[in-house]
Amino acid sequence: MDALRLGRAMIRHVARQVYDASLVQQGHQDAVWQALRAGAQFILDVEDHAAQEYLHQQLELFLAELHA
């Protein structure tokens with residue numbers, strides 16, 4: 001698995017785990033916000049700027065899927 005696919009899978013996993021955990025207690029809107037927050041923190045931990053941009057795009061795509 002190349003680094004981009006791995007990064008995509010990781011950011012989706014982080015956001016999905018937080019979303020699922022928050023959904024039961026807080027509802028959809030708050031769960032999406034928590035997923036965004038967790039994803040953003042994950043992205044900040046990545047030191048490569050190009051990778052950060054890619055992961056941010058992937059996070060936005062995932063959050064759009066949650067709203068669909």
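Notes on the structure in this doc start here. Just so it is clear, the model here is predicted, and its values are computed rather than measured. (Residues numbered from 1 in each chain as written. Predicted model: local features only at pLDDT ≥ 70, side-chain atom pairs only at ≥ 80, totals over all residues. Heavy atoms only, no water.)

Remarks on the packing of helix H1 (residues 3–26) against helix H3 (residues 49–67)
Helices that pack against each other are described as a pair by the angle of their axes relative to one another and the distance between those axes. Where H1 contacts H3, the axes come no closer than 9 Å and their chain directions differ by 45°. By the angle between their directions, the pair H1 and H3 is classed as oblique. H1 and H3 meet at a crossing whose hand is right-handed. Seen from H1, the contacting residues are Leu4, Gly7, Arg8, Ile11, Arg12, Ala15, Arg16 and Tyr19; seen from H3, they are Tyr54, Leu55, Gln58, Leu59, Phe62, Glu65 and Leu66. Grouping the constituent residues of the contact of H1 with H3 by class yields 9 nonpolar, 2 polar and 4 charged. (Axes fitted to C-alpha atoms, helices over the stretch in contact; angles between N-to-C directions. Helix = DSSP H or I, 4+ residues; strand = E, 2+ residues; numbered from the N terminus. Parallel < 35°, antiparallel > 145°, perpendicular 65-115°, else oblique. Left-handed = near helix turned anticlockwise from the far one by under 90°. Contact = heavy atoms within 4.5 Å. Nonpolar A, V, L, I, M, F, W, Y, C, P; charged D, E, K, R; others polar.)

Let's talk about the side chain of Gln58
For Gln58, the position within the fold is in helix H3. Of the polar contacts made by the side chain of Gln58, one reaches the side chain of Arg8; its length is 3.0 Å. Beyond its immediate stretch of four places on either side in the chain, Gln58 contacts Arg8 and Ile11. (Polar contact = N/O pair within 3.5 Å; in protein donor to acceptor, adjacent residues only side chain to side chain.)

A word on the packing of H1 against helix H2 (residues 28–44)
Relative orientation of the contacting elements H1 and H2 amounts to 150°, with a least axis distance of 7 Å. Looking at the two axes, H1 sits roughly antiparallel to H2. Here the hand of the crossing between H1 and H2 comes out right-handed. Listed contacts from H2 to Met10, Ile11, Val14, Ala15, Val18, Tyr19, Ser22, Leu23 and Gln26 of H1 are His28, Asp30, Ala31, Val32, Gln34, Ala35, Ala38, Gly39, Phe42 and Ile43. Considered class by class, the residues forming the contact of H1 with H2 number 13 nonpolar, 5 polar and 1 charged.

Comments concerning the pattern of salt bridges
Tallied over the full model, the rule gives 2 salt bridges. Between Glu65 and Arg12 there is a salt bridge, with the nearest N and O atoms lying 2.9 Å from each other. Of this pair, Glu65 sits in helix H3 while Arg12 is found in helix H1, placing the two residues 53 residues apart along the sequence. Judged by its relative accessible area of 44%, Glu65 falls in the partly exposed class. For Arg16, the salt bridge is made with Asp20, and the minimal N-O distance between the two is 3.2 Å. Here Arg16 pairs with Asp20, and both are found in helix H1, just 4 residues apart, close to one helical turn. Overall, the relative accessible area of 33% leaves Arg16 in the partly exposed class. Here Asp20 falls in the partly exposed class, since its relative accessible area comes to 38%. (Salt bridge = Lys/Arg side-chain N within 4 Å of Asp/Glu carboxyl O. Buried < 20%, exposed > 50% of the residue type's maximum accessible area, 1.4 Å probe, protein only.)

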